[in-house]
Amino acid sequence: MDHLDELEAQSIYILREAFARLKKLALLWSLGKDSNVMIWLARKAFFGRVPFPALHVDTGKKFPEMYAFRDRFGKEWDLDLKIEPCPPIDAVDPTLPPAARSAARKTEGLKWALTKYGFDGLIAGIRRDEEATRAKERVFSPRGLEGGWDVRDQPPEFWDQFNASPPPGAHLRIHPILHWTEADIWAYTKRENIPIIPLYLSKDGKRYRSLGDQDITNPVASTASSIDEILTELDGTKVPERAGRALDHETEDAFERLRVAGYL
């Protein structure tokens, strides 16, 4: 197998392990490149159909292109799509800096969805290379009763032996693409011909490397107008993937505070 085959096989193993060992799963669909690859992998793992809901925790502030993508491919991929709204900004921690406070709405919206549906496992498309706090994650990551994450108490994972038992009354986060890189995502997207949102491609000298809410996400300078050009650009850039996310430019501990509280 080549590198992409190995990544795919490991991710499919993780998805099948989660499905076999947890009672009520959902796949968190953020509509971006990573979660689209994750849905593609789930369809491969389960013979063409995702056997658990795709959950979009919706801030109401995504780009129009993202909503159009969701509406089209939610149907084309035959997803059991559940769309859950986030609370207003006044409902979240006022001590957080502005972008982090806006992002925290997703944490509260996710808590509402967990209470509503009673999921014991949430499949999320995070990667270790994305951000320093995420590098501390496990593939099967236990969450507390309020969705919180104890970064100092993570289970060991040796030889693909995972602790798939959620704490009583709580849930696990499952990360099937934790071991992938941004370049891996794009190379696999190209190989598999996975649909992408046009915002990832350059227009007027700018493109988005990471997509979030319109008010806290900005494009980066780029001339890459195809996946091949994106891969070439990534090979030579030192600009972080989340350089366009306002959240990542706020106080040093803002992102970790969100993650500990249950943010994706």
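Residues numbered from 1 in each chain as written. Predicted model: local features only at pLDDT ≥ 70, side-chain atom pairs only at ≥ 80, totals over all residues. Heavy atoms only, no water.

The protein is annotated in an unreviewed UniProt entry as Sulfate adenylyltransferase subunit 2 of Bradyrhizobium valentinum. We quote the UniProt Sequence similarities (unreviewed entry) comment for the protein here in full: "Belongs to the PAPS reductase family. CysD subfamily." For the record of the protein, the UniProt heading Catalytic activity (unreviewed entry) holds the text "sulfate + ATP + H(+) = adenosine 5'-phosphosulfate + diphosphate". (UniProt positions renumbered as here; feature names shortened; annotations may be inferred.)

Assignment of secondary structure puts Glu84 in strand E3 (residues 81–85). Given the relative accessible area of 10%, Glu84 is considered buried. Considered as a pair, Glu84 and Lys116 are 32 residues apart in the sequence and their alpha carbons are 9.8 Å apart. If sequence neighbours within four positions are ignored, Glu84 has contacts with Leu55, His56, Val57, Asp58, Ala113, Lys116 and Tyr117. (Helix = DSSP H or I, 4+ residues; strand = E, 2+ residues; numbered from the N terminus. Buried < 20%, exposed > 50% of the residue type's maximum accessible area, 1.4 Å probe, protein only. Contact = heavy atoms within 4.5 Å.)

This part covers the pattern of salt bridges. The tally for this structure, following the rule as stated, stands at 22 salt bridges. The closest approach of N and O atoms between Arg191 and Asp2, which form a salt bridge, is 3.8 Å. On the criterion of sequence distance, the pair formed by Arg191 in helix H5 (residues 182–192) and Asp2 in the segment before helix H1 (3–21) is long-range, its members being 189 residues apart. The class of Asp2 is partly exposed, set by a relative accessible area of 40%. With its nearest N and O atoms 3.6 Å apart, the salt bridge here joins Asp58 to Arg70. Taken together, the residues Asp58 in strand E2 (residues 54–58) and Arg70 in helix H3 (residues 64–76) connect sequence positions twelve residues apart. Neither Asp58 nor Arg70 differs from the other in exposure class; each is buried. Where salt bridges share partners, they join Asp2, Asp5, Glu8, Lys44, Arg191 and Glu192 into one cluster. (Salt bridge = Lys/Arg side-chain N within 4 Å of Asp/Glu carboxyl O.)

Let us now look at the pairing of E3. In terms of strand pairing, E2 meets E3 through five bridges, oriented parallel. The partner of His56 across the bridge, within E3, is Ile83. (Pairing = 2+ DSSP bridges.)

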